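# An overview of the molecular structure
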Amino acid sequence: MARLLLLLASLFFAVPAAAQPLAAGRNHIAAELVAESATPAPGQTVTIAFSFTPEPGWHGYWLNPGDAGQPARVQWQLPQGVEASELRYPVPERLVIQGLMNHVFNGPHAFLATLRLPEAIAPGTAIPVRARIDYLACTDQICVPERADLSLNLTAGDGSVTAEQRARFDAWRAALPRPLGSEGRFELRDGRLRVAVPLPASVAVSDPHLFAATPDAVVYAADQAISRNGDTLIVETQAGSQADGLDGFEGLIRIGAGQGLAFAARPGPVPAAGEPIGTAAGEGVSLVVALLGAILGGLILNVMPCVFPILSLKALSLARAGETPQRARAEALAYSAGVIVTCLALGALLLVLRASGEAVGWAFQLQEPRVVLLLLLLTTAVALNLAGLFRLPGLSLDRADGGRTSAFATGALAAFVATPCTGPFMAAALGATLVLPSAGALAVFGGLGLGLALPFLLLGFMPVLRRRIPRPGPWMVKLQRLLSIPMFLTALGLAWVLGRQTGVDGMALGLAAALALGLLLWWIGARGERGHRVAAAGAMVAVVVASLLVVRTGDSAPPSSAGLLGAEPFSEARLASLRAERQPVFVYFTADWCLTCKVNERGPLASSAVTDAFRAGGVRVLEGDWTLGDAAIGRFLERHGRSGVPLYLYYAPGQEARELPQILTASTLTALAG
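So, a few notes on the structure that sits alongside this text.

Rules and cut-offs
Every chain begins its residue count from 1, and numbering advances along the sequence as written. This being a predicted model, a pLDDT of at least 70 is required before a residue's local features are given, and a value of 80 or more before pairs of side-chain atoms are given or counted; all residues contribute to the totals for chains, interfaces and linings. As a convention, hydrogens and water are excluded, and side-chain values are obtained from all of the structure's heavy atoms. Each salt bridge in this description consists of a side-chain nitrogen of Lys or Arg and a carboxyl oxygen of Asp or Glu lying within 4 Å of one another. Note on conventions: DSSP H or I runs of at least 4 residues are helices, E runs of at least 2 residues are strands, and numbering of each starts at the N terminus. When a residue's accessible area, from a 1.4 Å probe over protein chains only, is under 20% of the maximum for its type it is buried; when over 50% it is exposed; and in between it is partly exposed. Only strands that DSSP links by at least two bridges are regarded as paired with each other. To get an axis, a line is fitted to the C-alpha atoms, and for a helix only the part in contact is used. The angle between two axes follows their N-to-C directions and goes from 0 to 180 degrees. In this analysis, two residues are considered to be in contact whenever any of their non-hydrogen atoms come within 4.5 Å of each other. Here the aromatic set is Phe, Tyr and Trp, taking the six-membered ring for Trp, and pairing holds for ring centres within 6.5 Å; pairs whose planes are under 30 degrees apart are stacked, those over 60 apart are edge-to-face, and all others are tilted.

### Structural notes on the pattern of salt bridges
Pairing is possible between side chains that carry opposite charge, provided their charged atoms lie close to one another. For the coordinates displayed, the defined rule picks out 17 salt bridges. A salt bridge links Glu236 to Arg194; its shortest N-O distance comes to 3.5 Å. Of this pair, Glu236 sits in strand E16 (residues 232–238) while Arg194 sits in strand E13 (residues 192–198), and the two are 42 residues apart along the sequence. Taking relative accessible area as the criterion, Arg194 reaches 6% and is therefore assigned buried. Here Glu568 makes a salt bridge to Arg620, at a shortest N to O gap of 3.0 Å.

What follows is the structure in structure tokens.
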């Protein structure tokens, strides 16, 4: 009632102030309707934005305006078959006037919606979009109801997006709250609403505030006590008039400037309050922890079978006779630059895809069969080089080949093939990139590259370490041949992943392309004439390009791990159904290109002891296969603070998810069913 009276009073006093601007045809908050693509594709979606630009001193309102105000209301006029989604709001700000809390937007902002086009619409068809939006524009003293009749004229086409529009919509998406997949819990105790929000302890939080989307569940202007208890944020505040009897609660928790996480909660026990959340100082600490974790993870990656041979050959190349300190440092810097630039480029592309609404994670490039095929050809070339079939600049022990350019390319190759192996070492660090600002997230990706490049960088700048490397001799050639074995195994694994993604035909095409590439490389190495080399190089490029163009992307998901623990395909609906039946549920997320996943699936997950224990305990198993980048799984992973796989969760009857280690043991799994 108090909110209604305040709103009516503000509207009454606002009429004189509003008359002149409205008569002049100008709103205090200018509204514009913008489409990301002017030519959306049939059967696809296009993002639409209501872009608002307030005059100085004026503000608009969030979906729950707080103690005063009102949310925007939209009336669509769309062609038949075109459907519009609900509005998505950015993270709001707090504004307290005379003790009343308002949830507002003070500067330029945008509400996003999605239009879905019918598949039957013909290319070139006009798609007129009309929308009437009513909203409230206010200052600290007056409020004015405003209306904008907006229109767009789209044309069914190829869905192309200009660079300018892409950047504009990316900025708007970055302002949206990110959804948390794990449910929160809330309870009413002694007139106070206590809310538990699941959030990994590694995620930085500064100046937190709970914005309640559920109307009148809390007293908006009441003080909020926010603390951290392990991987949970605890919010305590005065309960609102509608808190009693709630069967669900939705809200947004602000975790930093312009950053928020949207969540849903259900009734349940809330842990005791923990350590009170500080302000800005916590963010720097969390970033430092994530950065150190990334450097350590990158350092460990050097022992992986797809990286160790490359590092070993580069290290041994520095031990050659006559190597000057200056050249060693230059080569180390070039190699490091290749690694770090590649990690930053992949990280930046990942952030752009996330900002555009894609549910992708680290090693996302391996969800594209053409990228897997390209890696298969690259690793095959490296393996054949190590086996002595030909010389690849940068990896050969013959010093006639080296140089900064080849060192840079070698570093880029090492970083590119190493990305799927980061999971067990960098879960927390890469998970932090989901909520860190873009600069902080890029710092974490750069830290991964620095860790990966660190051993070779130290060798280049510390002569004492180079002197510990055995001197050159025939043994180095034998070692080079031995190091080709893990690279051949890596190529074999990539061929298997390609087969899982595209079927037998795709794998056969990949192996044929690898064979053709090997023959061409051998021919280039055996021929000394420049003309022959140029012709063969052209043929080699043609083989690679043709195979990349021919390989299909695969329309269906790959087959799952055949009957592993009797697993069913994962879906959030199936998980909810099993939990409603109070069944114990074990959920694992995997991908064919994830080395840690495959080790666990060949070891403890395939153990007969685990199978017997799960069967005896009635544990149901769900498998989420992320090989081809299922968007629903990607969003679920992101809501659990993960940027990749593996992820293992156990739901005891009536309890929330318990996250298991990424390196599993049979005893850990059998204990679940005990």
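Still to come is the rest of the account.
### Here we look at the sheet that holds strand E9 (residues 126–138)
Spatially, the 3 strands line up as an open sheet ordered E4-E9-E10, and their pairing is antiparallel. Two strands in the sheet have a free side with no partner beyond their single neighbour: strand E4 (73–77) and strand E10 (143–155). Taken over all neighbouring pairs, the strand axes of this sheet differ in orientation by 15 degrees on average, direction set aside. The pairing of E4 with E9 spans 5 bridges and is antiparallel. Within the sheet, the bridge partner assigned to Gln75 lies in E9 and is Arg132.

### What to know about the side chain of Thr380
Assignment of secondary structure puts Thr380 in helix H6 (residues 369–386). Apart from the residues within four sequence positions on either side, Thr380 is in contact with Ala491 and Ala514.

### Thoughts on the packing of aromatic side chains
A ring pair, where both rings are aromatic, is described by two values, the distance of the centres and the angle of the planes. Within this structure, the stated rule accounts for 16 aromatic pairs. Plain terms: the ring middles of Phe52 and Tyr135 are 5.2 Å apart, the flat faces sit at 70 degrees to each other, and that makes the pair edge-to-face. Highlighted residues: Phe52 in strand E2 (residues 45–54) and Tyr135 in strand E9, separated in sequence by 83 residues. Look at Tyr135 and you get buried, because its relative accessible area is 5%. Members of the aromatic cluster, joined through ring pairs, are Phe52, Tyr89, Phe105, Phe111 and Tyr135.

### Here we look at the sheet that holds strand E8 (residues 109–116)
One open sheet accounts for 4 strands, arranged E1-E2-E8-E5; its pairing is antiparallel. Of all the strands in the sheet, the pair left with one neighbour each is strand E1 (29–35) and strand E5 (83–84). Inspection of the sheet shows E1 paired to E2 by 7 bridges, in the antiparallel sense. Paired with Glu32 across the two strands is Ser51, which belongs to E2.

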